Amino acid sequence: MVRTLDVAISFLSTISRAGSGVSVGVLGKRPAQLLELYEFEACPYCRKVREALTILDLDALVRPCPKGGTRFRPELEQRGGKQQFPYLVDPNTGKEMYESDDIVSYLFETYGDGRVPALLAPGLLGQATLGLASALRPGHGLRAMPSRAPAEPLDLWSFESSPFCRIARETLCSLELPYRLHNVGKGSPRREAFVSRSGKMMVPYLADSNTGAEMFESADIVQYLERTYGDAER
Ligand SMILES: N[C@@H](CCC(=O)N[C@@H](CS)C(=O)NCC(=O)O)C(=O)O
């Protein structure tokens, strides 16, 4: 797809969710250990959980499970009993769960002030706009593409509703590349630390400790990931 059109459609996807997942909300207790999330980018229920992570300024180790994926789907089936996404693991409390509504309310209860924003609460408005956001990106971050597994997870600085971050995450997802998702939504108290590391406030920003590569720019990130890990002969 032509890049300008791709970005414009990704932007429409953000608009369809009224910008939910752009800014940080009321923050509660901080987790000591990284949360873990089995998900795939195109899944509307997974989107809801990722928006909650941005609003609560939480990071997570993402294990992408696109359709046809063989890297983390079997692992989840063994762990939770079925291939259904999203699935959250919180090593801080020992809680593990399916069901986006349960995950969202658990996250706001544990790491926020207990109040779930209207667009993330169960109901027709949330459901319809989540569906629309996915429908606007048909096939993106949906199906697995042949890839080589990295030895270590990658690191991505992002926030859920950035049209550019979405494009980078879609490729990480299709290639089933595990990554630490560092959320730095607007108002995040961790933006300063990010700027100290990267040099400026811009996302997406990818760091790959497997190769030492670090970069801004979604188009460059997509090209880097495809060249480094895309593998038609897996
Ligand atoms: N009620 C569940 C529904 C989850 C759901 O239906 N997820 C779909 C993806 S959007 C799924 O896991 N499909 C099985 C698959 O992709 O193999 C929730 O809110 O979490």
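Residues numbered from 1 in each chain as written. Predicted model: local features only at pLDDT ≥ 70, side-chain atom pairs only at ≥ 80, totals over all residues. Heavy atoms only, no water.

## Considering the pattern of salt bridges
Link 1 in the chain: Overall, the coordinates contain 18 salt bridges when judged by the stated rule.
Link 2 in the chain: Here Glu51 and Arg17 are joined by a salt bridge, their closest N and O atoms 2.7 Å apart. Here Arg17 lies in the loop between helix H1 (3-16) and strand S1 (35-39) and Glu51 lies in helix H2 (residues 44-55), a separation of 34 residues in the sequence. Each member of the pair, Glu51 as well as Arg17, carries the same accessibility label: buried.
Link 3 in the chain: In this structure, the salt-bridge partner of Asp155 is Arg180, at a minimum N-O distance of 2.7 Å. Within this pair, whereas Asp155 is found in strand S5 (residues 154-158), its partner Arg180 is found in strand S6 (residues 179-183), the two being separated by 25 residues in sequence.
Link 4 in the chain: Because the salt bridges share partners, they merge into one network encompassing Glu36, Arg63, Glu75, Arg79 and Glu96. (Salt bridge = Lys/Arg side-chain N within 4 Å of Asp/Glu carboxyl O. Helix = DSSP H or I, 4+ residues; strand = E, 2+ residues; numbered from the N terminus. Buried < 20%, exposed > 50% of the residue type's maximum accessible area, 1.4 Å probe, protein only.)

## Comments concerning the packing of H2 against helix H5 (residues 124-135)
Link 1 in the chain: With their axes 9 Å apart at the nearest point, H2 and H5 run at an angle of 105 degrees to one another. Taken together, the axes of H2 and H5 lie roughly perpendicular to each other. In this structure, H2 uses Pro44, Tyr45, Arg47, Lys48 and Glu51 to contact H5, whose residues at the interface are Gln127, Leu130, Gly131, Ala133 and Ser134.
Link 2 in the chain: Of the residues that constitute the contact of H2 with H5, the class distribution is four nonpolar, three polar and three charged. (Axes fitted to C-alpha atoms, helices over the stretch in contact; angles between N-to-C directions. Parallel < 35°, antiparallel > 145°, perpendicular 65-115°, else oblique. Contact = heavy atoms within 4.5 Å. Nonpolar A, V, L, I, M, F, W, Y, C, P; charged D, E, K, R; others polar.)

## Description of the side chain of Thr110
Link 1 in the chain: By the element assignment, Thr110 lies in helix H4 (residues 100-111).
Link 2 in the chain: Taking the relative accessible area as the measure of exposure, Thr110 reaches 15% and is therefore buried.
Link 3 in the chain: A polar atom in the side chain of Thr110 sits 2.6 Å from the backbone oxygen of Tyr106. (Polar contact = N/O pair within 3.5 Å; in protein donor to acceptor, adjacent residues only side chain to side chain.)

## Quick look at the packing of aromatic side chains
Link 1 in the chain: Per the stated rule, a full pass over the model turns up seven aromatic pairs.
Link 2 in the chain: Residues Tyr38 and Tyr87 carry aromatic rings whose centres are separated by 6.0 Å and whose planes lie at 65 degrees to one another, so their mutual orientation is edge-to-face. Here Tyr38 is found in strand S1, whereas its partner Tyr87 is found in strand S3 (residues 87-90), with 49 residues between them in sequence. Taken individually, Tyr38 and Tyr87 each receive the classification buried, so the pair is uniform in this respect.
Link 3 in the chain: Clustering of aromatic rings is evident, with ring pairs tying together Trp157, Phe194, Tyr205 and Phe216. (Phe/Tyr/Trp six-rings, centres within 6.5 Å; stacked < 30°, edge-to-face > 60°.)

## Describing the sheet that holds S5
Link 1 in the chain: With respect to topology, eight strands assemble into an open sheet ordered S4-S3-S1-S2-S6-S5-S7-S8, the strand pairing being mixed. Because the sheet does not close on itself, it has two edges, and the strands there are strand S4 (95-97) and strand S8 (213-215). The mean angle between the axes of side-by-side strands here comes to 20 degrees, regardless of whether they run parallel or antiparallel.
Link 2 in the chain: Where S5 meets S6, five bridges bridge the pair, whose relative direction is parallel. What sits directly across from Ser158, in S6, is Asn183.
Link 3 in the chain: Across the sheet, H2 lies against S1, strand S2 (60-64) and S6, angled at about 155 degrees from S1, the strand it touches most. (Pairing = 2+ DSSP bridges.)

## Looking at the pairing of S2
Link 1 in the chain: In terms of residue burial, S2 counts as a mostly covered element, since five of its five residues are buried.
Link 2 in the chain: Residues Ala60, Val62 and Pro64 point to one face of S2 and Leu61 and Arg63 to the other, with burial holding for every one of them.
Link 3 in the chain: For S1 and S2, the ladder comprises five bridges, and the chain directions are parallel. Paired with Glu39 across the strands is Pro64, a residue of S2.
Link 4 in the chain: Regarding the hand of the β-α-β motif, the stretch spanning S1, H2 and S2 is right-handed.
Link 5 in the chain: By the bridge criterion, three bridges tie S2 to S6 in an arrangement that is antiparallel. Residue pairing across strands places Ala60 opposite Leu181, the latter belonging to S6. (Right-handed = clockwise from strand over helix to strand, strands pointing away.)

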